[in-house]
Amino acid sequence: MKIVVLPGDGIGPETMAVAVDVMQTASQRFGLGLELEFDVAGHDSLKKHGATVTPALLEKVKAADGLMLGPMATFEFKDASRGEINPSMFFRKSLDLHANIRPARTYPGMNARLGEFDLVVVRENTEGFYADRNIESGGSEMLITPDVVVSLRRITRQCCERIARSAFELAMTRNKHVTIVHKANVLKLGDGMFIDTCHEVAREFPDVAVDDVIVDAMMAHVVRAPQRYDVIVTTNMFGDILSDLTAELSGSLGLGGSLNAGRDYAMGQAAHGSAPDIAGKNVANPISLILSGAMLLNWHGNKHGDARFHEAAGAIEATIADSIAAHECTRDVGGNLGTREAGAAFVKRLAAR
C-alpha cells in the first residue's frame, strides 16, 4: 500500500511523525508493505510552490492508495487567487470523498462523564452549506451589498443516497441502528429530500432500526445520553458540528479519528486543527491522527479484501485503548508524557502485540 503523507501546519509535523512511526510498526508487524511518500501542503507548499496545494500533488495522490493529511491552518487561507487554497476542501472535492466517518467512544482509564458510549457520525462531505465545494466554479457566498451576504446550500438526491448507504452499510457491521439528523421542520425542501432519501435507502436494510431527530434536539439528546446512538447520518454542516461535540464528549477532540472516503480514494485526517499556540512544545496529542491512519488501513483492507489491514487497524486501536488505560499518553487525556514519548510508548506496545 502506497500512502502520500502531508505533515501539515502547526502541530502537524509532530503528530504526523508519531502516526507514521505507528503505521510503520504496524506494517512490519502485520506484513503490510507500506510505502510512504512525503510531500508538502499548506504553508510549506505556499512558500515552495506559491500555492498550498498543486495539480502535481493531486496527481501524485491519485496514483497512490491513500492519503494522510496533517492538520492545516485552513482559517489562514483566505484568497485562492493567491494560492491560499484549503487543502482539506481541495482533496475532498477533487477526489470526491463524499463520506466523512468520525467515530467517538469512551476509553477505560478516562472519566466517562456521561457514561460509556461508542458511536459514529457519518457526515456528507461534498455539498451542503460549504461555499467552497458545493458548486463547480466560483463560490456560493455572495456579497450583494456591503451589508448583505447571501449563502447558498446545495442538496442533491445523489449525495443524500450515497451518504445514507454508507451509514446503513456501516450500521450492519455494528449495532444495526441508524439515526437520521436533520432540520426538515424548517429546511423543508433540502432536508426534506435528505430525510426521505435516507428512509428510502433504509428499506434495503430491514434489519437496521431507524429513527430521526431534529438537529437542535439531537444536541441535547447526545449530551444527555450518547449511549442511545450507534450510527448517526447527517448533512455536511450539521455533521461537522455534531462530530466535534461527540468527540469531545468522549474525553477530548484529540481522541477523534476521521476518515474521508469515496469510491476510489480515501484520506485519513485528524479531527482537530493545527493548534499553532502549542506547536513545537512536545505537548500535542497524536491520537486523532493515529486513529485516522488506522481507519485508512481498514478502508484499504475492505477495498481489496485483505484481512491483514483489518488486523493492523484493530491492533492500533487496541494499542491506543490500552495506552490510555495505562495512562501512557499525553496530559490532555490523562497521561504525563510528551508527544514524542507517548509515540514511543505506543510503538513499543504495538510491536509487542
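Residues numbered from 1 in each chain as written. Predicted model: local features only at pLDDT ≥ 70, side-chain atom pairs only at ≥ 80, totals over all residues. Heavy atoms only, no water.

Caption draft 1: Structural context of the nonpolar core. With 68 residues, the main nonpolar core has Ile 3, Val 233, Leu 297 and Phe 346 as its most contacted residues. At nine residues, the largest contribution of residues to this core is made by helix H9 (residues 287–304). Other than its neighbours up to four places away in sequence, Phe 346 contacts Val 18, Val 22, Pro 286, Ile 287, Ile 290, Thr 319, Ile 320, Ser 323, Glu 328 and Cys 329. (Core = buried A, V, L, I, M, F, W, Y, C linked by side-chain atoms within 4.5 Å. Buried < 20%, exposed > 50% of the residue type's maximum accessible area, 1.4 Å probe, protein only. Helix = DSSP H or I, 4+ residues; strand = E, 2+ residues; numbered from the N terminus. Contact = heavy atoms within 4.5 Å.)

Caption draft 2: Spotlight on the sheet that holds strand E10 (residues 231–234). Pairing is mixed in the open sheet, where ten strands are placed in the order E2-E1-E3-E12-E11-E4-E5-E10-E8-E9. Looking at strand neighbours, the two that pair on one side only are strand E2 (35–38) and strand E9 (209–214), the edges of this open sheet. Mean inter-strand twist for the sheet, computed between neighbouring axes without regard to direction, equals 25°. One ladder, built from three bridges, connects strand E11 (residues 259–261) with strand E12 (residues 266–269); its direction is antiparallel. Note that in E12 the partner of Ala 261 across the bridge is Ala 266. Sitting on the sheet, helix H1 (residues 12–30) touches strand E1 (2–6), E2 and strand E3 (66–69), and the angle it makes with E1 is about 165°. (Pairing = 2+ DSSP bridges. Axes fitted to C-alpha atoms, helices over the stretch in contact; angles between N-to-C directions.)

Caption draft 3: Structural detail: the side chain of Asn 260. Examined against the element boundaries, Asn 260 turns out to sit in strand E11. Here the side chain of Asn 260 touches Asn 125 through a polar contact of 2.9 Å, side chain to side chain. If we ignore the near neighbours within four places in the chain, the residues touching Asn 260 are Arg 92, Leu 97, Ala 99, Asn 100, Asn 125, Tyr 265, Ala 266, Met 267 and Gln 269. (Polar contact = N/O pair within 3.5 Å; in protein donor to acceptor, adjacent residues only side chain to side chain.)

Caption draft 4: Layout of the environment of Ala 112. When you line up the elements, Ala 112 lands in the loop between strand E4 (99–105) and strand E5 (118–124). Sequence spacing of Ala 112 and Leu 249 is 137 residues, and the spatial spacing of their C-alpha atoms is 8.3 Å.

Caption draft 5: Fine view of the pairing of E2. Inspection of the sheet shows E1 paired to E2 by four bridges, in the parallel sense. Within E2, the position partnered with Val 5 by the bridge is Phe 38.

Caption draft 6: Fine view of the packing of aromatic side chains. Here the structure, examined in full by the defined rule, presents two aromatic pairs. Where Phe 90 meets Phe 91, the ring centres are 5.2 Å apart and the plane angle is 75°; that geometry is what we call edge-to-face. In this structure Phe 91 comes out as buried when scored by relative accessible area, which is 0%. Measuring from centroid to centroid gives 5.6 Å for Phe 168 and Phe 205, while their planes differ by 25°, and the two rings are stacked. Placement of Phe 168 in helix H5 (residues 157–171) and of Phe 205 in the loop between helix H6 (190–202) and E9 is noted, with a sequence separation of 37 residues between them. With relative accessibility at 0%, the residue Phe 168 sits in the buried group. The class for Phe 205 is buried, based on a relative accessible area of 13%. Residue placement shows Arg 29 over the ring face of Phe 30; its charged tip is 4.9 Å from the ring centre. The ring of Phe 75 carries the charged tip of Lys 78 above its face, separated from the ring centre by 3.8 Å. (Phe/Tyr/Trp six-rings, centres within 6.5 Å; stacked < 30°, edge-to-face > 60°. Lys NZ or Arg CZ within 6 Å of the ring centre and 35° of its normal.)

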